[in-house]
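Understanding the architecture of this molecule
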Amino acid sequence: MLQNQNQTLFLRNLLRTGKPIPWRLLHDWGCYACGECCKRYVVELKPWEWARIARTYGYSSSVVSSGGKIYLKRRPDGSCVFLYNMWGNKLCGLQEMKPQACKLWPFQVYESPVFGHPELSRYECSRGIFYIYVVPDCIGLIWGSPSKHLKEQILPEIVDIKLGLRVRQEHSTARLLVASHPRPPI
């Protein structure tokens, strides 16, 4: 009982800092397609992401540059231009070319413990040793002891995405049932 109280107090103190939290304090996570991440955060693009998106959607309508970096364009309300409302869910219009930063959200994967607490952020798998944190702003986070789902499905997928070994998301994205329709011409 005392250990649970100490862990809860420790988590509360970490949450007050506003910094990313080590994954071992997370029970599970699921995307609710609320779109808050697409409204609050600016997405910096890697060169190949920028090229693919700009080639498909046009440079001026999809990206902006600032300080030598390229970002997804924002609407006047601050949301990403590719955020769409569909049946009450906020969905990304870039599913086939979604930037890595968006696929990883709310997880952050590093090769060293950049936010401290190496014992709680360390994640060891066949791909190597990583330090994984979660951004506490996401409403899909459930705090507590890590679940089997988190350890065996979500985190391995997150690491593979970070390493560029996986393109499609299965466990680290919203689970919405959407009728399959032919893609409209672009």
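Rules and cut-offs
- Along each chain, residue indices are assigned from 1 in the same order as the chain's sequence is written.
- In keeping with the model being predicted, local features are shown solely for residues with a pLDDT of at least 70 and side-chain atom pairs are shown and tallied solely at 80 or more, while totals for entire chains, interfaces and linings include all residues.
- Computation of side-chain values covers all heavy atoms of the structure but excludes hydrogens and water.
- Strands here mean DSSP runs of E at least two residues long; helices mean DSSP runs of H or I at least four residues long; both are numbered from the N terminus.
- Computation of the radius of gyration draws on C-alpha atoms, with the globule rule given as 2.2 Å multiplied by the number of residues to the power 0.38.
- In this description, contact between two residues means that some pair of their heavy atoms is separated by no more than 4.5 Å.
- Note on areas: these come from Shrake-Rupley sampling with a 1.4 Å probe, and a residue is covered only by the protein chains present in the view.
- Residues scored as charged are limited to Lys and Arg (positive) and Asp and Glu (negative), so that His and the chain ends carry no count.
- In this description, the location of a charge corresponds to atom NZ of lysine, CZ of arginine, CG of aspartate or CD of glutamate.
- By convention in these notes, a salt bridge is any Lys or Arg side-chain nitrogen within 4 Å of a carboxyl oxygen on Asp or Glu.
- Residues belong to one nonpolar core when they are buried, are Ala, Val, Leu, Ile, Met, Phe, Trp, Tyr or Cys, and are joined through side-chain atoms within 4.5 Å.
- Relative accessibility thresholds used throughout: buried, under 20% of the residue-type maximum; exposed, over 50%; partly exposed, between the two (1.4 Å probe, protein chains only).
- Two kinds of site are reported from a 1 Å grid over the protein atoms alone, namely cavities, where a 1.4 Å probe fits but cannot get out, and pockets, open sets with protein on both sides within 12 Å along at least five of seven lines, and residues are called lining when an atom falls within 4 Å of a point.
- Grid points are joined across faces, edges and corners, and a volume is the space filled by probe spheres set on the points.
- Charged means Asp, Glu, Lys or Arg here, nonpolar means Ala, Val, Leu, Ile, Met, Phe, Trp, Tyr, Cys or Pro, and polar covers whatever is left, Gly included.
- We treat two strands as partners when DSSP finds at least two bridges between them.

1. Some words on the overall build of the chain
Looking only at helices and strands, the chain features seven helices and 10 strands. Computed over its C-alpha atoms, the radius of gyration of the chain comes to 18 Å, within 12% of the 16 Å expected for a compact globule of 186 residues. With the C-alpha coordinates of the chain rotated into their principal frame, the extents come out at 60 × 40 × 35 Å. In the chain, the share of contacts with a sequence separation of at least 24, taken over all contacts with a separation of at least 6, comes to 65%. Accessible area for the chain stands at about 11,400 Å²; split by element, carbon and sulfur atoms hold 54% of it. Between the averaged position of the 25 positive side-chain charges in the chain and that of its 14 negative side-chain charges there is a distance of 4 Å.

2. Side note on the pattern of salt bridges
For the coordinates displayed, the defined rule picks out eight salt bridges. A salt bridge links Asp-160 to Arg-166; the nearest nitrogen and oxygen atoms lie 3.9 Å apart. The network of salt bridges with shared partners includes Arg-127, Glu-157, Asp-160 and Arg-166.

3. Notes on the nonpolar core
Core analysis: the largest hydrophobic core is formed by 25 residues, its most contacted members being Leu-26, Trp-29, Phe-107, Ile-132, Leu-150 and Leu-155. Among the elements of the structure, α1 (2-17), β2 (26-29), β7 (107-110), β9 (128-134) and α7 (148-162) are those that each provide at least two residues to this core. The element best represented in this core is α7, accounting for six residues. In this view, Trp-29 contacts Trp-105, Pro-106, Phe-107, Cys-138, Gly-140, Leu-141, His-149, Ile-154, His-171, Ser-172 and Thr-173; residues no more than four positions away in its chain are not counted. Judged by nonpolar contacts, the second largest core, of 10 residues, contains Leu-72, Val-81, Phe-82 and Leu-94.

4. Notes on the layout of surface pockets
Empty space among the atoms can be located by rolling a probe the size of a water molecule over them. In this model, the second largest pocket occupies a volume close to 280 Å³. Lining of the second largest pocket is provided by 14 residues; of these, Trp-48, Glu-49, Lys-98, Gln-100 and Lys-103 occupy positions nearest its centre. Of all the elements in the fold, those that place two or more residues in the lining of the second largest pocket are α3 (47-57) and α5 (100-104). In terms of residue count, α3 provides more of the lining of the second largest pocket than any other element does, four residues in total. When grouped by side-chain class, the residues that make up the lining of the second largest pocket number five nonpolar, two polar and seven charged.

5. Some thoughts on unusual backbone geometry
The general pattern is negative phi for most residues beyond glycine and trans for most peptide bonds. Each neighbour pair has its own omega, and for Trp-105 with Pro-106 the value is 5°, a cis peptide bond. Examined against the element boundaries, Pro-106 turns out to sit in the loop between α5 and β7. The phi torsion at Ala-33 lies on the positive side, around 55°, for a residue other than glycine. You can see Ala-33 is positioned in the loop between β2 and α2 (36-40). Unlike most non-glycine residues, Trp-87 shows phi in positive territory, near 55°. Within the fold, Trp-87 resides in the loop between β5 (83-86) and β6 (89-92).

6. Here's the deal with the pairing of strand β8 (residues 122-125)
Alignment of β8 against β9, held across four bridges, turns out to be antiparallel. The partner of Arg-122 across the bridge, within β9, is Tyr-131. Taking the residues between adjacent antiparallel strands as the criterion, β8 and β9 are bridged by two residues.

In short, the description is geometric, and any link to function would need to be established separately.
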